[in-house]
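This is what each chain is made of:
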Amino acid sequence: MQFTAAQISVLLNGKIEGNADAMVSSFGKIEEAQLGQLTFFANPKYEDYLYTTNASIAIVNEGYELRQPVKPTLIRVQDAYSAFAQLLGKYQEMATQQLKGIQQPCFISSSAKLADDVYIGAFCYIGDNVKIESGTKIFPNSFIGDNVSIGRDCIIHPGVKIYHDCELNNQVIIHAGTVIGSDGFGFAPQADGSFKKVPQIGNVVIEDHVEIGANTTIDRATMGSTCIKAGAKLDNLIQIAHNVEVGNSTVIAAQAGVSGSTKIGNNVMIGGQAGLVGHIQIADGAKINAQSGVSKSIKDPYGAVTGSPAGDYTSALRSQAVFRNLPQLEKRIQELESIVKQLMAERLEQVTSSK
Amino acid sequence: MQFTAAQISVLLNGKIEGNADAMVSSFGKIEEAQLGQLTFFANPKYEDYLYTTNASIAIVNEGYELRQPVKPTLIRVQDAYSAFAQLLGKYQEMATQQLKGIQQPCFISSSAKLADDVYIGAFCYIGDNVKIESGTKIFPNSFIGDNVSIGRDCIIHPGVKIYHDCELNNQVIIHAGTVIGSDGFGFAPQADGSFKKVPQIGNVVIEDHVEIGANTTIDRATMGSTCIKAGAKLDNLIQIAHNVEVGNSTVIAAQAGVSGSTKIGNNVMIGGQAGLVGHIQIADGAKINAQSGVSKSIKDPYGAVTGSPAGDYTSALRSQAVFRNLPQLEKRIQELESIVKQLMAERLEQVTSSK
Amino acid sequence: MQFTAAQISVLLNGKIEGNADAMVSSFGKIEEAQLGQLTFFANPKYEDYLYTTNASIAIVNEGYELRQPVKPTLIRVQDAYSAFAQLLGKYQEMATQQLKGIQQPCFISSSAKLADDVYIGAFCYIGDNVKIESGTKIFPNSFIGDNVSIGRDCIIHPGVKIYHDCELNNQVIIHAGTVIGSDGFGFAPQADGSFKKVPQIGNVVIEDHVEIGANTTIDRATMGSTCIKAGAKLDNLIQIAHNVEVGNSTVIAAQAGVSGSTKIGNNVMIGGQAGLVGHIQIADGAKINAQSGVSKSIKDPYGAVTGSPAGDYTSALRSQAVFRNLPQLEKRIQELESIVKQLMAERLEQVTSSK
């Protein structure tokens, strides 16, 4: 897709300086952009690049004063960064909007109900009684188990596996390789030391506007639902165990793990590689630092923790600071001990000599 | 599938109270169950729900005395929870038993040997000389490499990848996206700082009744076998490196990792996100806490460790308790120092004045 | 494939002792090898096995003196281990060299350009404008998005997903289930506490001789490229975030994670389950211990760190040693306090009595 400066300017409600016919077909950072690319300049740190860039079009703030002539056509707008981000979004939308129809070969159960305008990529498996609503796109090599329902305008990237009975609401995005609805890890110990599988017959419910990264795993509930609430954002390689609840607009970074039945509130932030034990509650707005090991509930809304086992953020930082000086601390104790030993020896001498 | 209270009662050898024709088609927790669902009541904590539930049938202990009339048909049995779990198991069995035959399109090598009653889902790849025994089900989009052998009554969930030459015994369950038999991470450092791949020509052997979660990776041995022994249970997103041995009925929680050639005994429990270095031995029955970093062998059967680096569980908890008070500990040292300094100054004064 | 001792001896430029017609078709460790297998003996620790092994052929060092007769045909070479590794490599090469052609069913866009001798497994999806060069093998169930380019002699194992616009150079190996080019984790916080997706329109570039393990995820850049440089080796279940750069011949062990925009130098070694925050630099040759949490740049080439948060390796080990004795340290402080308290009490007494 190619666009002229004139077209982009209309879209952004901007003012053109230079050649209105300049053409672009892709985007670039100002320090790297080439002929035929669109860039933007907002951060003063990058000002020099504006005068050396080979970009064909640059979006700049309306108030910015040029120090010297520039090569690209300029489009002046109120907020260059926002305008650029807006274009990126539009571009991505257009790229995926073209995807429609059912690629062959596909396996679609005769009892599945698909809206007319969905995209189903090649080698997708769509099970019995599956419902897929308007505008949803399912990329190749994905598996959608029996009785799964998927709402409007979702994007399921390639190789996603959604087990039977799970529900996705609207505008959900799931990245490649992610597994939704695998069995929870439940085994009853037997007298002989072996384990017997506890059937996992619940499901996973994923609400509106949730985005889930690549190769993440979300287990189905033993009974009831594992639930990812509206607007939550999960990164790659995350483990969500059975019966967990992730609150609205909660953000979880890569490789974090949440154990069974833990309830996470709204607007919580969980850092990468953090781990939460099972059966605890995390209050709204809590912040869990990367690599933390959270072993008990966080009851304080907007409370912050770090460390493994995790403690209050500020206290833990103080303990960590002392930890780094532990060898010196030990030395100070040794010195005290030797002085005190000497004082005690002298005292003993005094006592003895005074007798 | 629909069942009447009468049918279920016969199955459980129970006694019916109420309408023997009440019908159910699914299961529900007592606090959530709806018309047409079966529930159970065992934990006194949930007693109130028994009198408000909309479930059509409830399984209860034979000795329980009703406080007032209830809506559901009751089935009385000796142990309500066990009876319910038994039904769940039966239900799951029936649901998967229906799966048989080979869905098209499929790729099955002409040299593969498949029992008559296997299920092979659409888009599965079955390589040369593969053997699959009776009752095994392989869900769609799975890859079974050349010379792989799979025993009886296994369930391979969608999108599993099993590399060439690996062996699965009987009643093995593998969840979606898991990779069995990828190359071990072996590279020989070269004089110029680069690395040369060490060929990995061993395989992975998975014994009876093993269950492996979703998106887990088990690398093939350099030579010989990486081995997961009978009854071991592995959760999601676990890394098992080349030549590792996991003992009988050992349980490993999500996101744990085991480095090359480490031998883990029987009935070991490994917590989530724990890591084990290579070439160590873990004694039978050992307990490794979540997020531990185990850097040396655990020789003590049933020994427990925690922390990174991991130490004896009880000692480590004591150290962690002191760690939380390190700033106060430092303050106490400062106070001691200032007192001792004062005592030393007075002593010096005494010595000087006594001259 | 079967080979005689005579054929192997020619290949290795070795000398035969025993039956030159002895046949082998696979490899085995000396303690396990069976009839029809080739083994080697180099490590004196395994000497006894040389006299009990059932292997048909054994490679031994030319200088080794037999203590008694052996069953296998011997092939004497200068360095038995190297010769064996060389054979393993050759064997693997031959096994994959046979793979050629396009298995059906496949989905290959009419605009894709494939070299004549590539292998494309069944159920692969090859998007628009994809370029695949000579000798490359793509195993079944893989997804290659639009505009992806893949160089010469690459091996893409089954079920790999490569998003649109990504680039792989030559001799790259990617193991099963790995995802290349998923969206970076970028969301702009909104006034109402929700998050808005920041479009990720960059790509991933993977240079020559890189090997990437199974179920690893490498996110595309927001703009520009996430880059894995020549000769880097990544293990399984690793997370590489958007705009990260991994240097030449850098080695990253399983389950490690690198946050956005971090630049890792050449010949760095990162241990398993280590985590790096975003926007930092790691100097060439740095060593990051397993489970470390690296929260700031490592500026010292060949510097080593450990711990979470990570500190200088040697200092951190000293602190960890004291940590293990913290309860005793606290006891020593208590004893000092009680002695000092006593000394102070006596001093007060002296002062009082001397008045």
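Residues numbered from 1 in each chain as written. Chains lettered and ligands numbered in written order. Predicted model: local features only at pLDDT ≥ 70, side-chain atom pairs only at ≥ 80, totals over all residues. Heavy atoms only, no water.

As recorded in an unreviewed UniProt entry, chain A goes by the name UDP-3-O-acylglucosamine N-acyltransferase, listed as coming from Flavisolibacter ginsenosidimutans. For the record of chain A, the UniProt heading Sequence similarities (unreviewed entry) holds the text "Belongs to the transferase hexapeptide repeat family. LpxD subfamily." (UniProt positions renumbered as here; feature names shortened; annotations may be inferred.)

Participant: Any chance you could explain the overall build of chain A here in plain terms?
Facilitator: When you go through chain A residue by residue, the secondary structure sums to five helices and 40 strands. Its C-alpha atoms give chain A a radius of gyration of 29 Å, clearly above 20 Å, the size a compact globule of 355 residues would have. Burial analysis of chain A (355 residues in total) assigns 54% to the buried set. Sequence-distant contacts, at least 24 apart, represent 18% of the contacts inside chain A between residues at least 6 apart. Looking at chain A, you have 29 positive and 34 negative side-chain charges, and the mean spots of the two groups are 5 Å apart. (Helix = DSSP H or I, 4+ residues; strand = E, 2+ residues; numbered from the N terminus. Rg over C-alpha atoms; globule rule 2.2 N^0.38 Å. Buried < 20%, exposed > 50% of the residue type's maximum accessible area, 1.4 Å probe, protein only. Contact = heavy atoms within 4.5 Å. Lys, Arg positive; Asp, Glu negative; His and termini not counted. Charge placed at Lys NZ, Arg CZ, Asp CG, Glu CD.)

Participant: For this particular structure, what's the right way to read the packing of helix 1 (residues 5-12) of chain A against helix 3 (residues 80-97) of chain A?
Facilitator: Each pair of packed helices can be described by the angle between their axes along with the distance between the axes. Residue and element names in this part refer to chain A. For the pair helix 1 and helix 3, interaxial distance at closest approach is 11 Å and the crossing angle is 105°. By the angle between their axes, helix 1 is roughly perpendicular relative to helix 3. Two secondary-structure elements touch here, helix 1 through Ile 8, Leu 11 and Leu 12 and helix 3 through Ala 83, Gln 86, Leu 87 and Lys 90. Taken together, the residues that form the contact of helix 1 with helix 3 break down as five nonpolar, one polar and one charged. (Axes fitted to C-alpha atoms, helices over the stretch in contact; angles between N-to-C directions. Parallel < 35°, antiparallel > 145°, perpendicular 65-115°, else oblique. Nonpolar A, V, L, I, M, F, W, Y, C, P; charged D, E, K, R; others polar.)

Participant: Explain the interface of chain C and chain B here, please?
Facilitator: Interfaces are frequently sized by the accessible area removed from exposure as the parts join. Across the contact, 59 residues belong to chain C and 61 residues belong to chain B. Taken over both partners, the interface formed by chain C and chain B buries close to 4600 Å², and the fraction arising from carbon and sulfur atoms is 65%. Connecting chain C to chain B are three salt bridges. With a closest N to O distance of 3.8 Å, Glu 330 of chain C and Arg 332 of chain B form a salt bridge. Between chain C and chain B we count 21 residue pairs in polar contact (both at pLDDT 80 or more) in total. Among the secondary structure elements, those contributing two or more residues to the side of chain C that touches chain B are helix 3 (80-97), strand 28 (233-234), strand 31 (251-252), helix 4 (313-324) and helix 5 (326-354) of chain C. (Buried area = accessible area lost by both parts, 1.4 Å probe. Salt bridge = Lys/Arg side-chain N within 4 Å of Asp/Glu carboxyl O. Polar contact = N/O pair within 3.5 Å; in protein donor to acceptor, adjacent residues only side chain to side chain.)

Participant: Explain the relation of the copies chain C and chain B to me, please; I cannot follow it from the model alone.
Facilitator: These two copies of the chain differ by a rotation about an axis and a displacement along the same axis. Rotating chain C by 120° about the axis while translating it 0.0 Å along that axis superimposes it on chain B, leaving an RMSD of 0.1 Å. Seen this way, the second copy is the image of the first under a three-fold rotation axis. (Least-squares fit on C-alpha atoms with pLDDT ≥ 70 in both.)

Participant: Explain the pattern of salt bridges here, please?
Facilitator: Two side chains with opposite charge may pair up if their charged atoms get near one another. As enumerated under the stated definition, the model contains 27 salt bridges over all chains in all. Between Lys 197 of chain B and Glu 211 of chain C there is a salt bridge, with the nearest N and O atoms lying 2.8 Å from each other. Taken as a pair, Lys 197 of chain B in strand 23 (residues 195-197) and Glu 211 of chain C in strand 25 (residues 211-212) lie in two separate chains rather than in one. Through salt bridges with shared partners, a single ionic network connects Glu 47, Asp 48 and Arg 67 of chain A.

Participant: Sorry if this is basic, but what is going on with helix 4 of chain C here?
Facilitator: Working note: α-helix, 3.6 residues per turn, so residues spaced by three or four point in the same direction. Residue and element names in this part refer to chain C. Over its 12 residues, helix 4 extends 17 Å from the first C-alpha to the last, a length consistent with the 16 Å expected when each residue adds 1.5 Å. Of the positions making up helix 4, those classed as buried are Ala 316, Ser 319, Gln 320, Val 322 and Phe 323. The buried residues of helix 4 occupy an angular sector of 160° when projected down its axis, which confines them to one face. (Expected span 1.5 Å × (residues − 1). Arc of directions from axis to C-beta.)

Participant: Looking at this structure, I do not really get the packing of aromatic side chains. What am I missing?
Facilitator: To describe a pair of aromatic rings, one takes the distance between the centres and the angle between the planes. Taken as a whole and assessed by the stated rule, the structure comprises 36 aromatic pairs over all chains. Measuring from centroid to centroid gives 5.1 Å for Phe 185 of chain B and Phe 187 of chain B, while their planes differ by 80°, and the two rings are edge-to-face. You can call Phe 185 of chain B partly exposed: its relative accessible area is 22%. Members of the aromatic cluster, each reached through a chain of ring pairs, are Phe 27, Phe 40, Tyr 81, Phe 84 and Tyr 91 of chain A. (Phe/Tyr/Trp six-rings, centres within 6.5 Å; stacked < 30°, edge-to-face > 60°.)

Participant: Any chance you could explain the sheet that holds strand 39 (residues 304-306) of chain C here in plain terms?
Facilitator: Across a sheet, strands are paired by hydrogen bonds formed along the backbone, either parallel or antiparallel in direction. Residues and elements named next belong to chain C. The strand order 8-11-14-17-20-25-28-31-34-37-39-40 describes an open sheet built from 12 strands, whose pairing is mixed. With one partner strand each, in any of the chains shown, strand 8 (101-102) and strand 40 (311-312) form the two edges of the open sheet. Pairing geometry for strand 28 and strand 31, over two bridges, is parallel. Looking at strand 31, one finds that Leu 234 is bridged to Ile 252. (Pairing = 2+ DSSP bridges.)

Participant: Help me understand the side chain of Thr 136 of chain A in this model?
Facilitator: Residue and element names in this part refer to chain A. Here Thr 136 shows up in the loop between strand 13 (131-132) and strand 14 (137-138). A relative accessible area of 0% means that Thr 136 is categorised as buried. A distance of 3.2 Å separates a polar side-chain atom of Thr 136 from the backbone nitrogen of Asp 153.

Participant: Just checking my understanding: could you explain the interface of chain A and chain C for this structure?
Facilitator: In this complex, chain A contributes 59 residues to the contact, which on the side of chain C involves 61 residues. Both sides of the chain A and chain C interface together cover about 4500 Å² of buried area, and 65% of this is carbon and sulfur. In this assembly, chain A and chain C are joined by three salt bridges. Put simply, chain A and chain C have 21 residue pairs in polar contact (both at pLDDT 80 or more) between them. At the level of elements, helix 3, strand 28 (233-234), strand 31 (251-252), helix 4 (313-324) and helix 5 (326-354) of chain A are the ones that each hand at least two residues to the side of chain A that touches chain C. Class assignment of the residues belonging to the side of chain A that touches chain C gives a composition of 29 nonpolar, 20 polar and 10 charged.

Participant: Honestly, the confidence of the model for chain A in this entry has me stumped. Any pointers?
Facilitator: Fine structural detail should not be taken from predicted coordinates in areas where pLDDT scores are low. On average, residues of chain A score 95 in pLDDT, and 99% of them reach the 70 mark or higher. The complex prediction reports pTM at 0.93, with the ipTM value standing at 0.91. (pLDDT = per-residue confidence, 0-100.)

Participant: I keep staring at the UniProt feature "active site" (unreviewed entry) in chain A and nothing clicks. Help me out?
Facilitator: All names here are of chain A. In this structure's numbering, the residues bearing the UniProt feature "active site" (unreviewed entry) are His 242. Relative to the assigned elements, His 242 resides in the loop between strand 29 (239-240) and strand 30 (245-246). Of the residues examined, His 242 reaches a relative accessible area of 14% and is grouped as buried. Aside from chain neighbours lying at most four places away, what touches His 242 is Gly 184, Phe 185, Gly 186, Gln 200, Asp 219, Arg 220, Ala 221, Thr 222, Thr 226, Gly 260 and Ser 261. A polar contact is formed between the side chain of His 242 and the side chain of Gln 200, at a distance of 2.9 Å.

Participant: I tried to follow the domain arrangement of chain A on my own but got confused; where do I start?
Facilitator: The domains assigned to chain A are domain 1 (3-97), domain 2 (160-315) and domain 3 (328-354). On a C-alpha basis, the centres of domain 2 of chain A and domain 3 of chain A stand 56 Å from each other. (Domains from an automatic or database assignment.)

Participant: I keep staring at the state of the cysteines and nothing clicks. Help me out?
Facilitator: Cysteine pairs can be covalently joined through their sulfur atoms, and such a bond is termed a disulfide. By the definition in use, this model includes zero disulfides over all chains. With no disulfide of its own, Cys 106 of chain A has Cys 124 of chain A as its nearest cysteine by sulfur position, at a separation of 5.3 Å. (Disulfide = S-S within 2.5 Å.)

Participant: Just checking my understanding: could you explain unusual backbone geometry for this structure?
Facilitator: Where the residue is not glycine, phi is negative for most of them; where a peptide bond is considered, it is trans in most cases. Residues and elements named next belong to chain B. For the peptide bond that leads from Ser 308 to Pro 309, omega is 0°, which places it in the cis range. In this model, Asp 153 sits at a positive phi of 55°, which is unusual for a non-glycine residue. With respect to the helices and strands, Asp 153 occurs in the loop between strand 16 (149-150) and strand 17 (155-156). Residue Asp 153 is classed as partly exposed on the basis of its relative accessible area of 38%. Despite not being glycine, Asn 267 shows a phi value in the positive range, around 55°.

Participant: Please explain the sheet that holds strand 10 (residues 113-114) of chain B as it appears in this structure.
Facilitator: Residues and elements named next belong to chain B. Overall, parallel pairing links the nine strands, which are arranged 10-13-16-19-24-27-30-33-36 in an open sheet. Of all strands in the sheet, those bounded by a partner on one side alone are strand 10 and strand 36 (281-282). One ladder, built from two bridges, connects strand 19 (residues 167-168) with strand 24 (residues 203-206); its direction is parallel. What sits directly across from Leu 168, in strand 24, is Ile 206.

Participant: Before we go on, may I ask you to explain the environment of Asp 192 of chain A in this structure?
Facilitator: All names here are of chain A. Among the structural elements, Asp 192 can be located in the loop between strand 22 (187-189) and strand 23 (195-197). Owing to a relative accessible area of 63%, Asp 192 belongs among the exposed residues under this scheme. Among the polar contacts made by the side chain of Asp 192, one reaches the side chain of Ser 194 at a distance of 2.7 Å.

Participant: It is not clear to me how the environment of Asp 128 of chain B should be interpreted in this structure. Could you clarify?
Facilitator: Residues and elements named next belong to chain B. Mapping Asp 128 onto the fold places it in the loop between strand 12 (125-126) and strand 13 (131-132). Apart from the residues within four sequence positions on either side, Asp 128 is in contact with Ser 109, Ser 111, Asp 146 and Asn 147. Within polar-contact distance, the side chain of Asp 128 engages the side chain of Ser 109 at 2.7 Å.

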